[in-house]
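# Chain and residue survey
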Amino acid sequence: MAEPIRYHRPQMALLIRLGAALVLSIMLVFVKLVTQSGVSLTETLFWRQLPTVPILLAWFAARGQLSTLGSTRLKAHGGRAMTGLMGMFLNFGAVTLLPLAEATTFNFTSAIWAVILSALLLHERIGVWRWAAVLLGFAGVLVIAQPGSGHIPLLGAAVALGAAFMIALISIQIRDLAQTEHPLTIVFWFAAFSVVPLAIALPFVIVPHTLYQWSLLGGLALFGLLGQFLLTAALRFGAVASVIVMDYSSLIWATLLGWWVFDLLPPHTTWLGAPLVVGAGLLIAWREHRLSLQKARAMVGE
């Protein structure tokens, strides 16, 4: 086992995660546009992942640093790739089924899922504050979705909640890998492993493309690669519970981009429900921060 690579620069981590939120919001615009143009979700994912492999190989080869891509943790990379691919399917699917602002808001429930996973899988003791946040967050989801109203497709809401669940799992995996792996190493192996099943499925869904569609796919790949790197780099410099706060800025970007590109503004239910979901996430982040401080003081006192 390699020695952990430890860099603790919380301000840098927050700034990087803030940039990631903007970049990934732009990427989702490309996702929505390319699927609306008639490209299948499977093919969209394939072209999102494929360029990452040769680009990173060329980058490290030019710098004489190909050894950086080597890893003794290929099994962990493979597991991260499979959950990451499933998460991308759900995340991109949510964007195709929902307006950008609503899809983004549902993504914020990843912090809520993280609390539930901690209780169920890790048997962590969850206090009243975090359980209250879970209830608050799901209340916000109900306000936005308005089951039975027809404004938000229930399938889209379910897919978006599933994507958030996967994000919670993936964040834990990336944080673990980032202790010993370079951010671009994690990005490379994610793309390398996940592109294989996508390539197998590609002949069944591929269709001829126009120049417009190719330009959208290129933009998607570019912003996706940059966003993936920034997300991973942020977790290299700071804890998940700290940097995830910056993700909430993506609601601003998604709302503005949805209005600018698709001429859509969220309805009043989203304006009412989104603060509940965001508030739940911030409450969880605050509580996680307090708990981490208490553990640090306890270790110092030992």
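These figures come from a predicted structure and were not determined experimentally.

### With respect to the overall build of the chain
Scanning the chain from terminus to terminus reveals 13 helices and zero strands. Each helix and strand of the chain, ordered N terminal to C terminal, gives the series α-α-α-α-α-α-α-α-α-α-α-α-α. For the chain, the proportion of its 302 residues judged to be buried stands at 50%. Carbon and sulfur atoms form 72% of the exposed surface of the chain, whose accessible area is close to 14,600 Å².

### Points about the packing of helix α3 (residues 52-62) against helix α9 (residues 183-201)
Where α3 meets α9, the closest approach of the two axes is 9 Å, and the angle between their N-to-C directions is 145°. Regarding α3 and α9, the two cross each other, and that crossing is left-handed. Where α3 abuts α9, its residues T52, V53, L56, L57, W59 and F60 lie against L184, V187, F188, A191 and A192. Classifying every residue of the contact of α3 with α9 gives 10 nonpolar, one polar and no charged.

### What to know about the packing of aromatic side chains
Inspection of the entire model under this criterion finds eight aromatic pairs. Judged by centre distance (5.5 Å) and plane angle (35°), the ring pair of W189 and F193 falls under tilted. Of the two residues, W189 and F193 both sit in helix α9, four residues apart, roughly one turn of that helix. On the basis of relative accessibility, which here comes to 18%, the residue W189 falls in the buried class. On the basis of relative accessibility, which here comes to 27%, the residue F193 falls in the partly exposed class. Each member of the aromatic cluster is reached from another via a ring pair, and the members are F46, W47 and W214. The ring of F262 has K32 lying over it, and the distance from NZ or CZ to the ring centre is 6.0 Å.

### Description of the pattern of salt bridges
Counted by the stated rule, this structure contains one salt bridge. R73 serves as the salt-bridge partner of D176, at 2.5 Å between the closest nitrogen and oxygen. Taken as a pair, D176 in helix α8 (residues 154-177) and R73 in the loop between α3 and α4 (74-97) lie far apart in primary sequence, 103 residues in all. Residue classification places D176 among the partly exposed positions, given a relative accessible area of 40%.

### Regarding the side chain of N107
Here N107 shows up in helix α5 (residues 100-107). Judged by its relative accessible area of 13%, N107 falls in the buried class. Here N91 takes part through its side chain, which lies 3.0 Å from a polar atom of the side chain of N107. With residues up to four places along the chain from it excluded, the contact list for N107 reads N91, A160, A163, A164 and I167.

### Comments concerning the environment of M86
Along the chain, M86 falls in helix α4. Looking at M86, the relative accessible area reads 47%, which means it is partly exposed. In sequence terms M86 and I167 are 81 residues apart; their C-alpha atoms lie 9.9 Å from each other.

### Focus: a nonpolar patch on the surface
On the surface, I252, L256, W259 and L265 cluster together into a nonpolar patch covering about 440 Å² of accessible area. Counting through the fold element by element, L256 comes out in helix α12 (residues 250-262).

### Observations concerning the packing of α8 against helix α10 (residues 211-237)
The contact between α8 and α10 brings their axes to 9 Å, and the two run at 65°. Of the two possible hands of crossing, α8 and α10 adopt the one that is right-handed. Along the contact surface, α8 presents S171, I174 and R175, while α10 presents Q228, T232, L235 and R236. Class assignment of the residues belonging to the contact of α8 with α10 gives a composition of two nonpolar, three polar and two charged.

### Here's the deal with helix α6 (residues 110-120)
The periodicity of an α-helix, 3.6 residues per turn, causes residues three or four places apart in sequence to face the same way. Burial analysis of α6 places nine of its 11 residues in the buried class, the great majority of the element. Within the sequence span of α6, burial applies to S110, A111, I112, W113, V115, I116, L117, S118 and A119.

### Things to note about helix α2 (residues 41-49)
Counted residue by residue, α2 has seven buried out of nine residues, so it is predominantly covered. Of all the positions in α2, only T42, E43, T44, L45, F46, R48 and Q49 are classed as buried.

### A word on the environment of L161
Among the secondary structure elements, L161 is positioned in helix α8. What makes L161 buried here is its relative accessible area of 18%. Once you skip the residues sitting within four places of it in the chain, L161 turns out to touch F106, T109, W113 and V141.

### Regarding the environment of L33
Here L33 shows up in helix α1 (residues 10-36). For the pair formed by L33 and V95, sequence separation is 62 residues and the distance between their alpha carbons is 10.0 Å. Ignoring anything within four residues of it in the chain, the contact list for L33 reads Y212, L216, V261 and F262.

Basis of the calculations
Residues numbered from 1 in each chain as written. Predicted model: local features only at pLDDT ≥ 70, side-chain atom pairs only at ≥ 80, totals over all residues. Heavy atoms only, no water. Helix = DSSP H or I, 4+ residues; strand = E, 2+ residues; numbered from the N terminus. Buried < 20%, exposed > 50% of the residue type's maximum accessible area, 1.4 Å probe, protein only. Areas by Shrake-Rupley, 256 points an atom, 1.4 Å probe, with all protein chains shown as cover. Axes fitted to C-alpha atoms, helices over the stretch in contact; angles between N-to-C directions. Left-handed = near helix turned anticlockwise from the far one by under 90°. Contact = heavy atoms within 4.5 Å. Nonpolar A, V, L, I, M, F, W, Y, C, P; charged D, E, K, R; others polar. Phe/Tyr/Trp six-rings, centres within 6.5 Å; stacked < 30°, edge-to-face > 60°. Lys NZ or Arg CZ within 6 Å of the ring centre and 35° of its normal. Salt bridge = Lys/Arg side-chain N within 4 Å of Asp/Glu carboxyl O. Polar contact = N/O pair within 3.5 Å; in protein donor to acceptor, adjacent residues only side chain to side chain. Patch = residues over 30% accessible without salt bridge, like charges linked within 9 Å, V, L, I, M, F, W, Y side chains within 5 Å.

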